[in-house]
Amino acid sequence: MNATDRVCAYRRDRDWWQDAVVYQVYPRSFADSDGDGIGDLPGILDRLDYLVDLGIDAVWISPFYTSPLHDGGYDVADYRDVDERLGTLADIDSLIAGAHERGLRVIMDIVPNHTSSEHRWFREVLESEPGSPAWARYLIRPGKGADHREPPNNWRSVFHGPGWSRLVLADGTQTDYWYLHLFDDTQPDLDWTNPEVRAEFRDTLRFWFDRGVDGFRIDVAHGLVKDPDLPDMDYDAIPESEILGVAPHAPYWDQDGVHEIYREWREVADQYEPPRIFCGETWAPTAERLALYQRPDELHTSFNFDYLAAGWNLDRMRRSIDATVENHLKVGAPPTWVLSNHDVIRHATRFAPTPDGKAVTKPMVVDAARGLRRARAATVFMLGLPGSAYLYQGEELGLPEVFDLPDDARQDPVWIRSKGTDTGRDGCRVPIPWQGTAPSYGFGPGPDTWLPQPESWAELAVDVQDDVESSTLSLYRRALERRHAEDALGQGPMAWLDDAPDGVLALRRSTEEDGRPGVLVVINMSAELVHLPPSWGDDLLLESSDDVAVVNTDDGPHVVIGAETAVWLRG
Ligand code: TEU
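Residues numbered from 1 in each chain as written. Predicted model: local features only at pLDDT ≥ 70, side-chain atom pairs only at ≥ 80, totals over all residues. Heavy atoms only, no water.

What to know about the overall build of the chain
Item 1. A count of helical and extended segments in the chain gives 16 helices and 21 strands.
Item 2. Overall, the chain is about 85 × 50 × 50 Å in size when its C-alpha atoms are taken along their principal axes.
Item 3. Looking at the chain residue by residue over its 571 residues, the buried ones come to 60%.
Item 4. The contacts in the chain between residues at least 6 apart in sequence include a share of 68% that link residues at least 24 apart.
Item 5. Total accessible area on the chain stands at roughly 22,400 Å², and carbon and sulfur atoms take up 49% of it.
Item 6. Both charge centroids of the chain, one from 54 positive and one from 99 negative side chains, sit 3 Å from each other. (Helix = DSSP H or I, 4+ residues; strand = E, 2+ residues; numbered from the N terminus. Buried < 20%, exposed > 50% of the residue type's maximum accessible area, 1.4 Å probe, protein only. Contact = heavy atoms within 4.5 Å. Areas by Shrake-Rupley, 256 points an atom, 1.4 Å probe, with all protein chains shown as cover. Lys, Arg positive; Asp, Glu negative; His and termini not counted. Charge placed at Lys NZ, Arg CZ, Asp CG, Glu CD.)

Concerning the site of the ligand
Item 1. In the vicinity of the ligand there are 16 residues, among which Asp71, Asp219, His342, Asp343 and Arg425 approach most closely.
Item 2. Within the side chain of Asp219, an N or O atom sits 2.7 Å from an oxygen atom of the ligand. (Near = heavy atom within 4 Å. Polar contact = N/O pair within 3.5 Å; in protein donor to acceptor, adjacent residues only side chain to side chain.)

Topic: helix 13 (residues 368-383)
Item 1. Helix length check: helix 13, at 16 residues, gives a terminal C-alpha distance of 22 Å against a target of 22 Å (1.5 Å per residue), a fit within 8%.
Item 2. Gly371, Arg374, Ala375, Arg376, Ala377, Ala378, Thr379, Val380, Phe381, Met382 and Leu383 are the residues of helix 13 that are buried.
Item 3. A distance of 3.3 Å separates the backbone nitrogen of Ala369 from a side-chain oxygen at the start of helix 13, and that oxygen is part of Asp367. (Expected span 1.5 Å × (residues − 1).)

Examining the pattern of salt bridges
Item 1. In total, this model carries 35 salt bridges according to the counting rule given.
Item 2. Salt bridges sharing common partners tie together Asp71, Asp343, Asp412, Arg425 and Arg429. (Salt bridge = Lys/Arg side-chain N within 4 Å of Asp/Glu carboxyl O.)

Considerations on the domain arrangement of the chain
Item 1. By domain assignment, the chain separates into domain 1 (3-114 + 195-480), domain 2 (120-180) and domain 3 (493-570).
Item 2. Put simply, the middle of domain 1 and the middle of domain 2, counted by C-alpha atoms, are 31 Å apart.
Item 3. Each partner contributes residues to the interface: domain 1 has 23 residues there, and domain 2 has 17 residues.
Item 4. Among the residues of domain 1 in contact with domain 2, Leu230, Tyr235 and Arg417 are the three that bury the most area, contributing 32% of the side total.
Item 5. Remark: the boundary between domain 1 and domain 2 carries two salt bridges.
Item 6. Glu196 is paired through a salt bridge with Arg137; the nearest N and O atoms lie 3.0 Å apart.
Item 7. Taken together, the links from domain 1 to domain 2 amount to 10 residue pairs in polar contact (both at pLDDT 80 or more).
Item 8. Of all the secondary-structure elements, those providing two or more residues to the side of domain 1 that touches domain 2 are helix 6 (195-210) and helix 14 (413-417). (Domains from an automatic or database assignment. Buried area = accessible area lost by both parts, 1.4 Å probe.)

Some points on the state of the cysteines
Item 1. Under the criterion given, the structure shown has zero disulfides.
Item 2. Cysteine Cys279 remains unbridged, with the sulfur of Cys428 as its closest cysteine sulfur at 18 Å.
Item 3. Of the residues examined, Cys428 reaches a relative accessible area of 0% and is grouped as buried. (Disulfide = S-S within 2.5 Å.)

Observations regarding the sheet that holds strand 20 (residues 556-561)
Item 1. Strand order in the open sheet formed by three strands is 17-20-19, with antiparallel pairing between adjacent strands. Every interior strand has two partners, whereas the edge strands, strand 17 (530-531) and strand 19 (548-553), have only one.
Item 2. Looking at chain direction, strand 19 and strand 20 are connected through six bridges and run antiparallel. Bridge pairing links Val551 to His558 in strand 20. (Pairing = 2+ DSSP bridges.)

A word on the nonpolar core
Item 1. One finds Ile56, Tyr262, Trp265, Phe381 and Trp568 to be the most contacted residues of the largest nonpolar core, which totals 133 residues.
Item 2. Counting 18 residues, the second-largest nonpolar core is a separate cluster that includes Trp155, Phe159, Leu230 and Tyr235. (Core = buried A, V, L, I, M, F, W, Y, C linked by side-chain atoms within 4.5 Å.)

Some details on the packing of helix 6 against helix 8 (residues 258-270)
Item 1. The contact between helix 6 and helix 8 brings their axes to 10 Å, and the two run at 30°. Classed by the angle they form, the pair helix 6 and helix 8 counts as roughly parallel. Classified by chirality, the crossing of helix 8 by helix 6 is right-handed. Facing helix 6, whose interface residues are Arg198, Phe201, Arg202, Leu205, Arg206 and Phe209, helix 8 presents Glu260, Ile261, Glu264, Trp265, Val268 and Ala269.
Item 2. Tallied by class, the residues present in the contact of helix 6 with helix 8 amount to seven nonpolar, no polar and five charged. (Axes fitted to C-alpha atoms, helices over the stretch in contact; angles between N-to-C directions. Parallel < 35°, antiparallel > 145°, perpendicular 65-115°, else oblique. Left-handed = near helix turned anticlockwise from the far one by under 90°. Nonpolar A, V, L, I, M, F, W, Y, C, P; charged D, E, K, R; others polar.)

Let's talk about the sheet that holds strand 15 (residues 504-509)
Item 1. Pairing is antiparallel across the open sheet formed by five strands, whose spatial order is 14-15-16-21-18. Two strands in the sheet have a free side with no partner beyond their single neighbour: strand 14 (494-496) and strand 18 (540-543). Ignoring strand direction, the axes of neighbouring strands in this sheet form an average angle of 20°.
Item 2. Sheet strands touched by helix 11 (residues 314-331): strand 14 and strand 15. Its angle to strand 14, the strand with the most contacts, is close to 145°.

Structure, rendered in structure tokens:
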């Protein structure tokens, strides 16, 4: 058996999702095949070979269902059809087939917390009487106070403003009732205590699993069940920064009852061969609460937002890794890691140094080169952690956040509902540059893009970075190739190296079998050059920057790494 066969044999006994590197496609912004300025499914099909060359294992595609696109498709009007601007059911069939031919898995996005207000179920609400069965599919309650003018409680929308809107029927009648929307007012929350809602979603899962989809990312997985008493929320008790999205211990997040839903979903997924998988977009107040979603009869994995939120901060990263690994071991599930997605400031910008040392959370002028340097190091380090990892389209090009979009181009409901006080998430959703000199930088055949691309992106285009060894694209390709080749990487044990110099986080990855080569995963987060201990060896496998050298001293050869640089070493 040669080395490659051994590596494959070792990997075959793990389930693919335990180590997968999953690449997120935000379809409106990935590639546009027909020139309407909106990315589409045929555009993704055209670029599958690019994804294979990058070295990913699976592609997760954000929603492409029929939708009025008030929240980029997270407002679903029909869960069993494709939005006509993005393609057809035949296109998704071709995309699944094309991905599978190339050995890539396909993960879709399911949005079970709310529908679009244009979904037939909500239209039925607007055309029926209070108390009709159609009303029982949503969280609709009488208002409080004189004339029911007050909402049923004080819950706020994650997208700013009130979490309830008064229900006005299709014929214009104003009712005494209000409907809950934890997000936009075009996204009414479903009532998951209703068996019909549960049955409908199980059928929707089967609809797509039957078409060959390998799994689902579950939107707002922690939000489906609300405290039945709908108690007021004590917003004063939590820091302002945590109210949006991640509010801990809210009566509408992470309620115990939500787990029953995922046990039912797991039964559906396990009926397929090979079994289909779930990854929850799960915001839980602690790593311990998060791990509960990964119990053996629930979700396979969840996003680890605690790690994303740790920022460029050595202590917080280490604490987050410890808590994640410890709690996932308890439930026997692999951890996951993520640094960017379609909801957060791209990490090449978020990690740029700020005067107070905290992460960039709002538009500001940043040192883009330092941000990118740190982002490259953070990605190399993340890809060395145990478990699976998520990449967001464009991070492999080192794309920065676009802060200076014109106001009239912005579409995020966060921008609209906050009346411009919160710029929202459009800045990480700008269409991808594929060719440095083409109109729309090759995003589509013509010049149109639904959000404008900065001129500086010409230099970041795929064809410009393609054969350049120092480019971020080449770094990602090298990292993913090496990750696949090393059987110590991906799922498996890790141990901290306690002789790491100041400012350095370092861990050793090993296989479960003794005597097989391990990998040291090292990041220098300090602004100084550091000498690594000679006992760590000098067999470099990967470097995030050019500032890496092997020096010989009386103690023997050792590796010196520059500021804000990560390396992998054999060891
Ligand atoms: O996001 C859920 C969520 O609560 C946050 O990520 C939120 O978008 C952010 O904190 C707002 O500032 C999911 C999707 O990822 C997001 O794109 C959707 O808008 C949202 O659900 C509603 O479906």
